[in-house]
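# Coordinate inspection notes
Given next are the chains, with one letter for each unit.
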Amino acid sequence: MTNYKNQTERKPRKKNDELLKGAFEEWFSEFLRFLYPNADDLFDFNHKLVFMDKELLSIIPNRERNSDKRIADLLVKVHMKDGTDKHILINTELEGGNDQDFAKRIYQYHYRIWDRYNISVATVAVFTGDRNQKRPKEYWHQILDTTISFRYRAYHIFDNDEEELLLMDNPFSLVVLACQKSLLEGKIPDEVLGNERLVIAKALIAHKYDRDRILSFLVFLKNFIYIENERINRIFDTEVEKLSGGTIDMGIIETVKQQERNKGKREEAIAIAKEMKKDGLPNSQIAKFTKLSLKEIEKLK
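As the structure is a prediction and not an experimental result, all values here were calculated from the model. (Residues numbered from 1 in each chain as written. Predicted model: local features only at pLDDT ≥ 70, side-chain atom pairs only at ≥ 80, totals over all residues. Heavy atoms only, no water.)

Helix and strand content of the chain: 13 helices and seven strands. Within the span of the chain, comprising 301 residues, buried residues form 45% of the whole. Total accessible area computed for the chain in this model is approximately 16,700 Å², and 48% of it derives from carbon and sulfur atoms. (Helix = DSSP H or I, 4+ residues; strand = E, 2+ residues; numbered from the N terminus. Buried < 20%, exposed > 50% of the residue type's maximum accessible area, 1.4 Å probe, protein only. Areas by Shrake-Rupley, 256 points an atom, 1.4 Å probe, with all protein chains shown as cover.)

Next up, the structure:
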């Protein structure tokens with residue numbers, strides 16, 4: 001029977017987890033181009049990326065996701081160009097702590113995914129902690145004549161400095177810079193943090209990226225580098241409007257994005273409720289886990 005508890009209401013390790021994972025999903029093609037300079041020769045971006053988070057839930061039980069060292073993970077189906085594999089799976093692990101068993105854990109995830117789908121799997125670890133964070137790149141184990149050596153791609157958000165990131169013509173570099181700046185929360189005055197946030201916004205608007213994606217990134221940025229001070233947030237909104245020539249109203253945009261997020265959460269709750277009904281769970285228990293009404297659940301097929 002599927003373990004559904006906390007799938008719709010589980011709390012992330014910190015407020016930024018869901019936002020950061022969403023940014024990786026939004027800019028995953030650019031993330032691949034950021035990691036691999038020859039990405040357009042490796043991957044066939046004419047095929048749509050397929051995100052398999054629900055499938056990942058069944059492979060990695062929730063009880064293994066409760067560590068406060070963990071941030072998030074993504075499983076994405078990507079088509080290749082070289083013909084060796086029609087497509088592969090890329091398992092991306094976002095790690096903000098110093099989990100002693102991190103390398104072992106992602107090795108286990110790697111072989112579970114491979115065993116489940118019989119598709120080649122590439123593992124990428126993105127470390128989002130401070131400069132002193134441990135960043136293992138290999139899992140190694142030996143017993144008698146048996147040896148396991150598992151190496152994977154590892155990137156730390158401070159592998160590139162601010163100057164390098166601002167010069168890159170890839171919007172994902174600004175996601176990385178936002179990760180760096182978010183670590184300053186509570187360590188520098190809000191006024192200074194607000195200025196740092198504006199630097200990223202200015203760099204984003206200066207590039208000719210797709211307008212809808214710029215809007216989405218600005219909402220992410222304002223919430224990811226979080227400042228409670230209303231005056232500083234009003235300055236951010238005003239500066240963004242000026243930089244965009246009056247075409248961007250952050251108040252309206254944030255309202256629309258919140259509505260979209262609420263719709264997405266509801267759709268996820270309905271999908272989980274359907275699976276629970278298939279497993280024969282009582283409607284009262286489904287309602288407790290998903291927060292859907294009994295009437296809504298009764299109508300599901």
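Next comes the rest of the write-up.
Core analysis: the largest hydrophobic core is formed by 52 residues, its most contacted members being Phe31, Phe43 and Phe217. Ignoring any residue separated from it by four or fewer positions in sequence, one finds Phe217 in contact with Trp27, Pro171, Leu174, Val175, Ile200 and Leu204. (Core = buried A, V, L, I, M, F, W, Y, C linked by side-chain atoms within 4.5 Å. Contact = heavy atoms within 4.5 Å.)

Now for the packing of aromatic side chains. Overall, the coordinates contain 18 aromatic pairs when judged by the stated rule. When the centroid spacing of 6.5 Å and the interplanar angle of 70 degrees are considered together, the rings of Phe102 and Tyr152 count as edge-to-face. With a gap of 50 residues between them, Phe102 in helix H5 (residues 102-117) and Tyr152 in the loop between strand E6 (146-151) and strand E7 (153-156) connect regions that are remote in the sequence. Phe102 gets classed as buried once you look at its relative accessible area, which sits at 2%. (Phe/Tyr/Trp six-rings, centres within 6.5 Å; stacked < 30°, edge-to-face > 60°.)

What follows is about the packing of helix H1 (residues 16-26) against helix H2 (residues 28-35). Between H1 and H2, the shortest axis-to-axis distance is 5 Å and the interhelical angle comes to 80 degrees. As summarised for this structure, H1 and H2 are arranged roughly perpendicular, according to the angle between their axes. Taken together, the residues of H2 that come into contact with H1 (itself represented by Phe24, Glu25 and Glu26) are Phe28, Glu30 and Phe31. (Axes fitted to C-alpha atoms, helices over the stretch in contact; angles between N-to-C directions. Parallel < 35°, antiparallel > 145°, perpendicular 65-115°, else oblique.)

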